[in-house]
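An overview of the molecular structure
Residue strings, one per chain:
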Amino acid sequence: MRERLLQAAMELMKRKGLKFTISDLAAELGTSKRTIYEHFESKEQIVGTLVDEAVSEVKRIEQAIYRDESLSCAHKLSAILTILPKGLQLGDHRLLSDLKRFAPDEWLKVDRLLQEEWGTVKAIIEEGIAAGQFRPVHVPTIVQLMKGASVSLFDADFLMNTDCTLAGAVRTMADVFLQGLIPEGPSQEMKQ
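On a predicted model such as this, the values are computed, not experimentally measured, just so you know.

Some remarks on the UniProt feature "DNA-binding region" (unreviewed entry) in the protein
- What UniProt calls "DNA-binding region" (unreviewed entry) maps, in this numbering, to residues 21–40.
- As annotated, residues 21–40 comprises 75% helix and 0% strand, and the C-alpha atoms at either end are separated by 13 Å.

Examining the side chain of Lys147
- Tracing the sequence through the fold places Lys147 in helix α9 (residues 139–153).
- Of the side chains with opposite charge, Glu116 comes closest to the buried, unpaired Lys147, at an N-O distance of 8.4 Å.
- In this view, Lys147 contacts Leu114, Gln115 and Trp118; residues no more than four positions away in its chain are not counted.

A short note on the UniProt feature "domain: HTH tetR-type" (unreviewed entry) in the protein
- Within the UniProt annotation, "domain: HTH tetR-type" (unreviewed entry) is assigned to residues 1–58.
- Overall, residues 1–58 shows 79% helix and 0% strand. The separation of its end C-alpha atoms is 24 Å.

Details of helix α6 (residues 93–102)
- Residues Leu95, Leu96, Asp98 and Leu99 constitute the buried set of α6. Projected onto a plane normal to the axis of α6, the buried residues spread over an arc of 165° and lie on a single side.
- Here the buried face of α6 lies against α1 (2–16), α4 (43–67), α7 (104–116) and α10 (156–160).

Regarding the packing of aromatic side chains
- Under the definition given, this model contains zero aromatic pairs.
- Across from the ring centre of Phe20, 5.1 Å away, lies the NZ or CZ of Lys43, which sits over that ring.
- The side chain of Lys76 reaches across the aromatic face of Tyr66, ending 5.5 Å from its centre.

Details of the layout of surface pockets
- The volume enclosed by the largest pocket comes to roughly 460 Å³.
- Forming the boundary of the largest pocket are 18 residues, of which Phe134, Val176, Phe177, Leu178 and Gln179 lie nearest the centre.
- For the lining of the largest pocket, the secondary-structure elements that each account for two or more residues are α5 (73–81), α9 and α11 (166–179).
- Ranked by residues supplied to the lining of the largest pocket, first place goes to α11 with seven residues.
- Looking at side-chain class alone, the lining of the largest pocket contains 12 nonpolar, three polar and three charged residues.
- Here the second largest pocket is characterised by a volume of approximately 170 Å³.

As for the nonpolar core
- With 54 residues, the main nonpolar core has Leu25, Ile46, Leu50, Leu77 and Leu99 as its most contacted residues.
- The greatest single-element share of this core, amounting to eight residues, is contributed by α4.

Some thoughts on the pattern of salt bridges
- With the rule as written, the count across this model stands at 10 salt bridges.
- For the salt bridge of Arg2 with Glu53, the shortest nitrogen-to-oxygen distance reads 3.9 Å. Of the two residues, Arg2 sits in helix α1 while Glu53 sits in helix α4, which places them 51 residues apart along the sequence.
- Here Glu53 falls in the partly exposed class, since its relative accessible area comes to 35%.
- Glu11 is paired through a salt bridge with Lys14; the nearest N and O atoms lie 3.3 Å apart. Remark: Lys14 and Glu11 occur in helix α1; sequence separation between them is three residues, near one turn of the helix.
- What makes Lys14 partly exposed here is its relative accessible area of 37%.
- In the salt-bridge network here, residues are joined through shared partners; they are Arg2, Glu3 and Glu53.

How each quantity is defined
- Residues numbered from 1 in each chain as written.
- Predicted model: local features only at pLDDT ≥ 70, side-chain atom pairs only at ≥ 80, totals over all residues.
- Heavy atoms only, no water.
- UniProt positions renumbered as here; feature names shortened; annotations may be inferred.
- Helix = DSSP H or I, 4+ residues; strand = E, 2+ residues; numbered from the N terminus.
- Buried < 20%, exposed > 50% of the residue type's maximum accessible area, 1.4 Å probe, protein only.
- Lys, Arg positive; Asp, Glu negative; His and termini not counted.
- Salt bridge = Lys/Arg side-chain N within 4 Å of Asp/Glu carboxyl O.
- Contact = heavy atoms within 4.5 Å.
- Arc of directions from axis to C-beta.
- Phe/Tyr/Trp six-rings, centres within 6.5 Å; stacked < 30°, edge-to-face > 60°.
- Lys NZ or Arg CZ within 6 Å of the ring centre and 35° of its normal.
- 1 Å grid on protein atoms, 1.4 Å probe; cavity = no way out; pocket = protein on both sides within 12 Å on 5 of 7 lines; lining within 4 Å.
- Points joined across faces, edges and corners; volume = space filled by probe spheres on them.
- Nonpolar A, V, L, I, M, F, W, Y, C, P; charged D, E, K, R; others polar.
- Core = buried A, V, L, I, M, F, W, Y, C linked by side-chain atoms within 4.5 Å.

Shown next as structure tokens:
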């Protein structure tokens, strides 16, 4: 029942953002509020559980990619930069805005992930440089650039005012970091 509650809560969040109520959730499931309260103390606890699961999912996927010895450093880096949780729709600008406004403690968990969890990326870049797969660069600068780009893509205003999905935006970010902007082929002089 707990998983059904969380799934129904995610569906409500897709439709209503964080403005859903426990009554809405009970109606969605065709159950009583009492049944919901047997599993969760509050709507806030439900939202917190969903955010915690999304953060854990991202970390789990990241570690699986990092440990996959069949992938090159470039493939690992691209895959990690484009991880989005399957459950909680963090690409929904309304949900991001609602988290910041109505559930700031939960938003801090997402923000912490975006701001602080870059050790694996740093390790992959360093391994890629050592293996000759990446050119030598100042790794802290590249990580800072990636961090800043990631944070800006998860901005509700950006997502609301672009024709690109979050998934598309993070793919573009990863592609530009790994391939640059200059098309492949004969080198062209840059005009100043």
